[in-house]
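Observations on the three-dimensional arrangement
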Amino acid sequence: GESVGLHLPTLSVQEGDNSIINCAYSNSASDYFIWYKQESGKGPQFIIDIRSNMDKRQGQRVTVLLNKTVKHLSLQIAATQPGDSAVYFCAEILNTGGFKTIFGAGTRLFVKA
Amino acid sequence: DVKVTQSSRYLVKRTGEKVFLECVQDMDHENMFWYRQDPGLGLRLIYFSYDVKMKEKGDIPEGYSVSREKKERFSLILESASTNQTSMYLCASSSRGGRSYEQYFGPGTRLTVT
């Protein structure tokens, strides 16, 4: 899950298994949520988003679940592949006239071949 | 394919030097952002710009300034670099409109101040 501090949480999974990465967000008024993937040496890349009036959204091999009751977001990656190894972080977006984005610290995913 | 480029991937500067980090996007985006990324702290917003010649302070603007003279280019300036500004700097852009919350990031500049 997400953590504020110097140490990045790490998840290690076997290739082919499913991965679940968790995120606790802070603001119950957030309108959108995004998951980003950041590979080593690269900038963050958009994976999937979900609006606050939804509780589930599916993409290609990825599913995002939103539980507003406990302010929790998760990213599920099906059949994890070595190319999925990266840091994943969530972002919550508040619509305050413009969009204000609050980023989580991230979780590092290791995929073992 | 959308593209955000940053002028340097790695930069080493001395304390007190003036440092310029350049960012260019080719998507005709109105919004541009500068973040710094430090281990375990997530991305923190330094400055952003909604239009040419417009700038707004983010969460940690102290020690930084920005310039946006052209729509495609957003520069971050460290007037007098200090060791606590050693970090990864990420530039991003987004469109104006319904999906303006979706930001496109450059590859980052890893700055070391000695």
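Going by the structure above, here's the rest.
Now for a quick tour of the structure. This is a predicted model, so every value here is computed, not measured.

On to the packing of aromatic side chains, then. According to the stated counting rule, one finds 13 aromatic pairs over all chains in the structure shown. Each ring, one from A:Y36 and one from A:F103, has its centre 6.0 Å from the other, and the planes form 45°; the classification is tilted. Here A:F103 lies in strand β9 (residues 98–103) and A:Y36 lies in strand β3 (residues 32–38), a separation of 67 residues in the sequence. According to the relative accessible area criterion, A:Y36 is buried, its value standing at 0%. The exposure class of A:F103 is buried, given its relative accessible area of 10%. Taken together, a centroid distance of 5.3 Å and an interplanar angle of 85° make the contact between A:F103 and B:Y35 edge-to-face. Pair noted here: A:F103 is in strand β9 and B:Y35 is in strand β4 (residues 31–38), and the two residues belong to different chains. Across this residue pair, the class does not change: A:F103 and B:Y35 are buried.

Glancing now at the environment of B:D51. All names here are of chain B. Along the chain, the position of D51 falls in the loop between β5 (42–49) and β6 (56–57). With a relative accessible area of 31%, D51 lands in the partly exposed category. Excluding residues that lie within four positions of it along the chain, D51 makes contacts with E30, R68 and R96.

Basis of the calculations
- Residues numbered from 1 in each chain as written.
- Chains lettered and ligands numbered in written order.
- Predicted model: local features only at pLDDT ≥ 70, side-chain atom pairs only at ≥ 80, totals over all residues.
- Heavy atoms only, no water.
- Phe/Tyr/Trp six-rings, centres within 6.5 Å; stacked < 30°, edge-to-face > 60°.
- Helix = DSSP H or I, 4+ residues; strand = E, 2+ residues; numbered from the N terminus.
- Buried < 20%, exposed > 50% of the residue type's maximum accessible area, 1.4 Å probe, protein only.
- Contact = heavy atoms within 4.5 Å.

All quantities given are derived from atomic positions and should not be read as evidence of function.
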